[in-house]
Amino acid sequence: MQVLPEAPPISNILPMKIILLLSSLVLTVHATAAVSNIPATGWNHDMVINGAGPYALSVTGTMDGGFGQPENWTWVEAGTYLNPDGNSQTIPGFIAGTHASLTGNGTFTFQPFTGNNALGLNGGQSGVLGLDVPAAYTAISLYGASGFGPKTATVTLTFTDTSTTAFNVASGTGIGTDWFNTGADKAFAAGARASNRGEDGNTRIFIGENAIIGINESYFTLAPADQLKLLQSVTVTNTGGDRMAIFALSGEAVPEPSSTMLFAACGMAGLLRRRRA
């Protein structure tokens, strides 16, 4: 006669059911999350032409001219401007506010175009974006582009416990992608660029429309151990030469237990106590 194994007591089964239930709830919450704007300081250049001029005072650097050189091709806010002929021309470009990244990873927010709105880096330079409020993240994203072809970069995360983690941006990916591109990392299609015109008191601009002009996204997933820490700052180093401009920082915050999860946990724990009594 075959002897069937004795079924485990229900008190041993319930803990596993609780774990599976809570794990399912956590995964559900995490699956619906996405990156969103992280307020930070450290933006060091105005690289977006906007307003009514004089445009020599509108920016502190340009993509083709460099930092400290306002008269060359750079980014432009969408709007109506005087072209070299003195005629009004409406063009696409950057649009203030928050936008859904074309990558589908979430949203990002442009810095105001009336002040420093970019972290501008020449080759070999580093810049630090300090978080207004340190927090725990499962992932972060940087949004920007490079000039004169593909670049490489190093992104170093510094946590409040002084530990660091570094990520590499491969050549021609994410923020290391040229601002003229059609790659999968494209986050926002600007569609145009502009250049200051030295004559006429810098009140006219050269306009160049091209559908492939835009910024790109570098997305990084943090290791589980780093997701338990509070991120304090993000350091970007341009390791590829020429220049790089980063316009936004976003992150996916570590999800907190929802009221549904807490209610389920308390209910299952109560049931377990009654079963064991």
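Along each chain, residue indices are assigned from 1 in the same order as the chain's sequence is written. Residue-level local features of this predicted model are given only where pLDDT is at least 70; pairs of side-chain atoms are given and counted only at 80 or more, and the full residue set underlies all totals for whole chains, interfaces and linings. Derived side-chain values reflect all non-hydrogen atoms in the structure, with water molecules and hydrogen atoms excluded from consideration.

> Break down the overall build of the protein chain for me, with residues and values.
Secondary structure elements are defined from DSSP: runs of H or I of at least 4 residues count as helices, runs of E of at least 2 residues count as strands, and each element is numbered from the N terminus. Scanning the protein chain for helices and strands turns up two helices and 21 strands. Residues classed as buried in the protein chain amount to 44% of the 277 residues present. Intrachain contacts of the protein chain at a sequence separation of at least 6 include 75% that bridge at least 24 residues. Note on areas: Shrake-Rupley with a 1.4 Å probe; residue coverage comes only from the protein chains shown. Counting every atom, the protein chain has about 13,000 Å² of accessible surface; 57% of that belongs to carbon and sulfur. For each residue, the accessible area found with a 1.4 Å probe, counting protein chains only, is set against the maximum for its type, and the residue is called buried under 20%, exposed over 50%, and partly exposed in between. Here, two residues are considered to be in contact whenever any of their heavy atoms come within 4.5 Å of each other.

> Which residues make up the pairing of strand β6 (residues 73-76), and what values do they have?
As paired elements, strand β3 (residues 48-49) and β6 share two bridges and run parallel to each other. By the bridge assignment, V48 is partnered in β6 with W75. Pairing of β6 with strand β17 (residues 192-196), which is carried by two bridges, proceeds in the antiparallel orientation. Residue pairing for β17: T74 is matched across the bridge by A194. Whether two strands pair comes down to DSSP finding at least two bridges between them.

> Residues and numbers for the nonpolar core, please.
General note: in soluble globular proteins, nonpolar side chains tend to be found buried as a group. Here, the term nonpolar core denotes a set of buried Ala, Val, Leu, Ile, Met, Phe, Trp, Tyr and Cys residues that are joined through side-chain atoms within 4.5 Å. Judged by nonpolar contacts, the single largest core of 25 residues is most densely connected at L142, L157, V234, V236 and I246. For this core, the secondary-structure elements that each account for two or more residues are β11 (119-122), β12 (126-135), β13 (137-146), β14 (153-159), β15 (164-169), β20 (231-238) and β21 (243-253). Considering every element that reaches this core, the biggest residue donor is β14, with four residues. Each residue touching V236, except ones within four places of it in the same chain, is listed here: L119, L121, Q125, S126, G127, L142, T154, I175, M244 and I246.

> Can you explain the pattern of salt bridges? Please cite residues and give values.
Here a salt bridge means any side-chain nitrogen of Lys or Arg lying within 4 Å of a carboxyl oxygen belonging to Asp or Glu. Throughout the structure, instances matching the rule amount to six salt bridges. For the salt bridge of R197 with E199, the shortest nitrogen-to-oxygen distance reads 3.9 Å. The class for R197 is buried, based on a relative accessible area of 17%. The salt bridge involving R204 is made with D200; its shortest N-O contact spans 3.5 Å. Through salt bridges with shared partners, a single ionic network connects R197, E199, D200 and R204.

> Which residues make up the side chain of N181, and what values do they have?
Looking at the element boundaries, N181 is found in the loop between β15 and β16 (186-189). Residue N181 is classed as buried on the basis of its relative accessible area of 8%.

> Describe the environment of G53, listing the residues and the values that go with them.
The topology assignment puts G53 in the loop between β3 and β4 (61-62). Each C-alpha atom of the pair G53 and T203 lies 5.0 Å from the other, and the pair is 150 residues apart in sequence.

> Account for the confidence of the model for the protein chain, naming residues and giving values.
The pLDDT averaged across the protein chain works out to 87; a share of 81% of its residues lies at or above 70. pLDDT expresses how confident the predictor is about each individual residue, on a scale running from 0 to 100. Here helix α1 (residues 10-31) stands out as the least confident element of the protein chain, with mean pLDDT 44; β14 is the most confident, with 99. Predicted confidence for residues 7-14 stays below pLDDT 50, and this span has eight contacts to residues more than four positions away or in other chains. Counted against residues more than four places away or in other chains, residues 259-275, with its pLDDT under 50, gives 19 contacts.

> Lay out the environment of A253 in plain terms, naming residues and giving numbers.
Mapped onto the elements, A253 comes out in strand β21. Note on A253: relative accessible area 44%, which makes it partly exposed. Taking C-alpha positions, A253 is 9.6 Å from I38, a pair spaced 215 residues apart along the chain. Beyond its immediate chain neighbours, meaning those up to four positions away, A253 contacts A136, Y137 and T138.

> So, the sheet that holds strand β2 (residues 40-41): which residues are in play, and what are the values?
Reading across from one edge, β2-β12-β20-β14-β15 is the order of the five strands in this open sheet, with antiparallel pairing throughout. The open sheet has two free edges, formed respectively by β2 and β15, since each of these has just one partner strand. Two elements, β14 and β20, share seven bridges in a ladder whose sense is antiparallel. Pairing of T158 across the sheet is with S233, part of β20.

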